[in-house]
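Next come the chains, spelled out residue by residue.
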Amino acid sequence: MNISQEVSSAPHSQSMPNPLLDALNPEQRQAVEATQGPVLVLAGAGTGKTRVLTTRIAHILTSKLAWPGEILAVTFTNKAAREMAERVNQLSGGAQSLWMGTFHSIGARIIRRHAEKLGLTSSFTILDADDQIRLLKTLMGELHIDDKSMPPKLFSAIIQSWKDQGLTPVKVTSPQDLQQAGGQAIRVYRAYQERLKALNAVDFGDLILHMLTLFTVHQEVLEEYAKRFKYILVDEYQDTNVAQYLWLRLLASYHKNLCCVGDDDQSIYSWRGAEVGNILRFERDFPDAKVIRLECNYRSTPHILAAAGALIANNRGRLGKTLWTPIKEGDRLRLKSVWDEGEEARFVGEEVEDLQRAKINLKDMAILVRAGFQTRAFEERFLTMGIPYRVIGGLRFYERAEIRDAVAYLRIIASPDDSLAFERIINTPKRGIGQATMQQLHTTARSLNTSLYNATVHLLKSGEIKGKLASALNLFIGNCQRWRKQLESLTLSEVVDLVLEESGYRQMWQQEKTPEAAGRLENLKELSRAIGEFENINAFLEHVSLVTEAADANGNTDMISLMTLHAAKGLEFDVIFLPGWEEGLFPHQRALDESGNKGLEEERRLAYVGITRARRRLYISHAANRRIYNQWQSSIPSRFISEIPKDNIEQLPGGLAGTPRPSARNWKDEVAAILSGSHKREEPTLSRGTRIFHQKFGYGRIAAVSGDHLDIEFEKAGFKKVLADFVTLA
DNA sequence: GTCCTAAATTTTTTT
DNA sequence: AATTTAGGAC
């Protein structure tokens, strides 16, 4: 069916006023009405992509092209999914029965339905990063791999990237891959996947990978879903990885009504396996695909848009878009040069107060940083000034130790065979179960091919565990059984309170007299409150593993937001502050070191995302000195600043006007040294960027300084850590 | 097995 | 600086 047929069969869409479609510009409307066949919408920042997606869904529903249950809408964050559901509901209602969510939550849903086909049961658990590392560590021990030279994190990263590419262990065949980590990676991967199955667990990557396996091995399952989903919509398409792409292609193979919305200039997740190439591939894999460009930006002022456009023009290999805006006027960008991060925070704080006096709400302002640690200076400043703020994505509620412990108790109650949960809390609080006992439990569990819980029961019955140890374990097992029974008669909140009390967990923190113990007890209280909102324990556990953001507990919504640039994608604010535009931090040194020009271009896209978040006003600042690992380092302004045309930017007075003083390094340390009377003339020349010579490694440049330790990028030998004593100036 | 101290490590971005 | 890990004493 093409558009003209559809229009004639649905006369409302053109001849009569249609409030749904009339609010759109011609390109947006085209994207909404092209319901049949593959469509790629290249939507620049602020061009109304969410609006297109939601209107498209509403349009499909109101034209009765499909029932809600026949539409699949995939997003990248739960937040985006929630927002979309809300807006679809406003437009047409019935959004609750849509298949709408992140790739991962939809994966969990589908895999639970067909768990037995994958060798799992429907109550499988989803591992988080912590569980994953612990499991890998155990496996590495069993495989006799030294975790000093090859940390578990390395294997975690390699396995993750294989999963992102849709590679199960048998599909890892390329010579480079087989040689990863000296050939150990594939061994670990095989063992890891086997153990996951034995534990009835999956990790994040598996949520996609298992779906692929399910669809390719079980044709009838694929058929069921491919036929069901008449319309598939994908948000942030530029950030899909190969596995997700393959999955989408399978799902769309029957109806072929796949609509992907993305912006190659906003691809910022290549480190997570995202392939910008998926956009280019789209036109190749779907030769009849309609490509629609949205280039009219309704969000930002001309100066902001011009700055963003000029910056991103430095990237090669773009599909190319030119954004324009009907907005006529607006301020130029404001550039502030400051001495250090403290001054940067003071400056932002003062501007925020000025803006408040100008009647701009805090909730319309945001500070976007490159790396999480940068928020600290602002938090401290805002606390002293009394400016309410919220850190988005910072320390996550469900990642705190006390919450993870409490959740582990719930996991053991919900499914006793969850050995990872068992291991986490069997000795928390202390019950006298140490390494030796754990070893015994593990051995028994494996020889009986069962879980740690069952192994414990077995050893208690057979009398192989006696005395103090036996009574402690007996008490624990008995408690678990009782708690499980109480799930039937008590509410979830009551069970949580009971478990925390009777296990002695709460008491453990009460006895601890550190200042943070009180906060932890608060968090536990919050947990028992939050769990009350769930139907059953499994629904709650799913929420814990897939939903990363904590709900806004208090009613105060007028707060300034602090977050990383990555977390800001898809959001917009009247006023944006972009601090820390310094070489080494932004673009981040590690991105440059590890991915060279590709890394630089991704950093530039990140800058582009940051700039285009702003509706009306944008501040960029850079500090001449920054403390990293508690070491003062001097830095020069980011190259990205010079890529913004002078006409669009205004240098604010004060600070250093962009010329850092070379001698700035360690000035605070020196002052401290003078005051303490132990000042020695320091070697002033060993700072970042200095060219040096080393007896063994040859010539190189200093990448970072931490005390006597230097990180040096050698011309021949690559990156090495060496002591300052061993290098001389080149 | 547990507790204490020393040493290593951290901070790029996350579903 | 702050937090996690390793090693050793008890």
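Located above this text is the structure these notes cover.
Just so it is clear, the structure is predicted and the values come from calculations on it, not from any experiment.

Thresholds, definitions, all that
Residues numbered from 1 in each chain as written. Chains lettered and ligands numbered in written order. Predicted model: local features only at pLDDT ≥ 70, side-chain atom pairs only at ≥ 80, totals over all residues. Heavy atoms only, no water. Helix = DSSP H or I, 4+ residues; strand = E, 2+ residues; numbered from the N terminus. Buried < 20%, exposed > 50% of the residue type's maximum accessible area, 1.4 Å probe, protein only. Areas by Shrake-Rupley, 256 points an atom, 1.4 Å probe, with all protein chains shown as cover. Pairing = 2+ DSSP bridges. Axes fitted to C-alpha atoms, helices over the stretch in contact; angles between N-to-C directions. Contact = heavy atoms within 4.5 Å. Expected span 1.5 Å × (residues − 1). Parallel < 35°, antiparallel > 145°, perpendicular 65-115°, else oblique. Left-handed = near helix turned anticlockwise from the far one by under 90°. Nonpolar A, V, L, I, M, F, W, Y, C, P; charged D, E, K, R; others polar. Arc of directions from axis to C-beta. Phe/Tyr/Trp six-rings, centres within 6.5 Å; stacked < 30°, edge-to-face > 60°. Core = buried A, V, L, I, M, F, W, Y, C linked by side-chain atoms within 4.5 Å. Salt bridge = Lys/Arg side-chain N within 4 Å of Asp/Glu carboxyl O. Near = heavy atom within 4 Å. Polar contact = N/O pair within 3.5 Å; in protein donor to acceptor, adjacent residues only side chain to side chain.

K.L.:
Can you tell me about the overall build of chain A, naming the residues and giving the values?
P.N.:
Helices and strands together make up the secondary structure of chain A, namely 30 helices and 21 strands. Evaluated residue by residue, chain A yields a buried proportion of 51% over its 730 residues. By element, 52% of the accessible surface of chain A is carried by carbon and sulfur atoms, the whole surface being about 33,900 Å².

K.L.:
I'd like to hear about the pairing of strand E9 (residues 333-340), residue by residue, with values.
P.N.:
Where burial is concerned, most of E9 is hidden: 7 out of the 8 residues are buried. Pairing analysis gives 3 bridges linking E9 to strand E16 (residues 649-651), with the strands arranged parallel. Pairing of Arg334 across the sheet is with Glu650, part of E16. Across 6 bridges, the pairing between E9 and strand E14 (residues 614-628) is parallel. Directly across from Asp340, in E14, lies its bridge partner Asn625.

K.L.:
I'd like a description of the sheet that holds strand E1 (residues 39-43), backed by residues and values.
P.N.:
Strand order in the open sheet formed by 6 strands is E3-E2-E6-E7-E1-E8, and the pairing between neighbours is parallel. Strand pairing shows two members of the sheet lacking a second neighbour, strand E3 (99-102) and strand E8 (290-294), which therefore form its edges. Recorded for the sheet is a direction-independent mean angle of 15° between the axes of neighbouring strands. One ladder, built from 4 bridges, connects strand E2 (residues 71-75) with strand E6 (residues 231-234); its direction is parallel. Bridge pairing in E6 links Val74 to Val234. Contacts from helix H6 (residues 103-113) reach E2, E3 and E6, with the element oriented near 120° to E3.

K.L.:
Let's hear about helix H4 (residues 49-62): which residues, and what values?
P.N.:
Its 14 residues give H4 an end-to-end C-alpha distance of 20 Å, which sits within 8% of 20 Å, the value for a rise of 1.5 Å per residue. Most of H4 sits inside the fold, with 11 of its 14 residues counted as buried. Taken together, the buried positions of H4 are Lys49, Val52, Leu53, Thr54, Thr55, Arg56, Ile57, Ala58, His59, Ile60 and Leu61. Positioned one or two residues after H4, Lys64 has a phi angle of 60°, which is positive.

K.L.:
Report on the packing of helix H13 (residues 242-251) against helix H14 (residues 277-285), specifying residues and quantitative values.
P.N.:
Contact geometry of H13 with H14 gives a least axis separation of 12 Å together with a crossing angle of 25°. The orientation of H13 with respect to H14, classified from their angle, is roughly parallel. Where H13 crosses over H14, the two elements pack in a sense that is right-handed. Between H13 and H14, the contacting residues are Val242, Tyr245 and Arg249 on the first element and Asn278, Arg281 and Asp285 on the second. Residues belonging to the contact of H13 with H14 are distributed by class as follows: 2 nonpolar, 1 polar and 3 charged.

K.L.:
Could you give me a rundown of helix H21 (residues 452-461), with the residues and numbers involved?
P.N.:
Every buried residue belonging to H21 is among Leu452, Tyr453, Ala455, Thr456, Leu459 and Leu460, and all of these are buried. In an axial view of H21, the angular spread of the buried residues amounts to 160°, which keeps them on one side of the axis. Following H21 by one or two positions, Gly463 adopts a phi angle in the positive range, close to 75°.

K.L.:
So what's going on with the packing of aromatic side chains? Residues and values would help.
P.N.:
Using the criterion set out here, one finds 24 aromatic pairs in the structure. Taking 6.5 Å as the distance between ring centres and 45° as the angle between the ring planes, the aromatic pair formed by Phe378 and Phe382 counts as tilted. Separated by 4 residues within a single helix, Phe378 and Phe382 lie in helix H17 (residues 375-385), roughly one turn from each other. A ring pair is formed by Tyr409 and Tyr505, whose centres lie 6.2 Å apart and whose planes are at 65°; its orientation type is edge-to-face.

K.L.:
Describe unusual backbone geometry, with residues and values.
P.N.:
Following Thr428, the chain continues to Pro429 via a peptide bond in cis, the omega torsion being 0°. Looking along the chain, the bond that leaves Phe586 and enters Pro587 is cis, with omega of 5°. With respect to the helices and strands, the residue Pro587 is situated in the loop between strand E13 (573-578) and helix H28 (589-611). Notably, Asn200 is not glycine yet its phi reads approximately 55°, a positive angle.

K.L.:
Just give me the short version of the nonpolar core, but keep the residues and values in it.
P.N.:
If you look at soluble globular proteins, the nonpolar side chains tend to sit buried side by side. Among the nonpolar cores identified, the biggest contains 46 residues, and Phe422, Phe476, Leu524, Leu527 and Phe540 are the most heavily contacted of them. The greatest single-element share of this core, amounting to 8 residues, is contributed by helix H18 (residues 401-414). With sequence-adjacent residues up to four places away left out, Phe422 is seen in contact with Ile412, Leu441, Leu452, Tyr453, Thr456 and Phe476. Leu40, Leu42, Ile126 and Phe215 belong to the second-largest nonpolar core, a separate cluster that totals 44 residues.

K.L.:
Could you give me a rundown of the side chain of Gln132, with the residues and numbers involved?
P.N.:
Counting through the fold element by element, Gln132 comes out in helix H7 (residues 129-142). The class for Gln132 is buried, based on a relative accessible area of 7%. Sequence-distant contacts of Gln132, that is, excluding residues within four places in its chain, are made with Leu127, Ser156, Gln160, Tyr192 and Asp203.

K.L.:
Could you give me a rundown of the pattern of salt bridges, with the residues and numbers involved?
P.N.:
Taken as a whole and assessed by the stated rule, the structure comprises 50 salt bridges. Taking the shortest distance from any N to any O, the salt bridge between Lys321 and Asp263 comes out at 2.8 Å. One end of the pair, Lys321, is in the loop between helix H15 (302-312) and E9; the other, Asp263, is in the loop between strand E7 (258-262) and H14, and 58 residues separate them in sequence. This pair shows no difference in class: Lys321 is buried, exactly as Asp263 is.

K.L.:
Give a detailed account of the environment of Leu490, specifying residues and quantitative values.
P.N.:
Secondary-structure assignment places Leu490 in the loop between helix H22 (467-489) and helix H23 (492-502). Setting aside anything within four residues of it in sequence, one finds Leu490 in contact with Val495 and Leu498.

K.L.:
So what about the protein's contact with DNA strand B? Which residues, and what values?
P.N.:
With respect to spatial proximity, 27 residues lie near DNA strand B, and among them His104, Arg370, Gly372, Thr437 and Arg590 are the closest. In this structure, a phosphate oxygen belonging to DNA strand B sits 3.0 Å away from a side-chain N or O atom of Thr564. In the environment of DNA strand B, a base oxygen lies 3.4 Å from a nitrogen or oxygen atom belonging to the side chain of His566. At the level of secondary structure, the elements contributing two or more residues to the surface near DNA strand B comprise helix H20 (435-447) and H28. For the surface near DNA strand B, the element with the highest residue contribution is H20, accounting for 3 residues.

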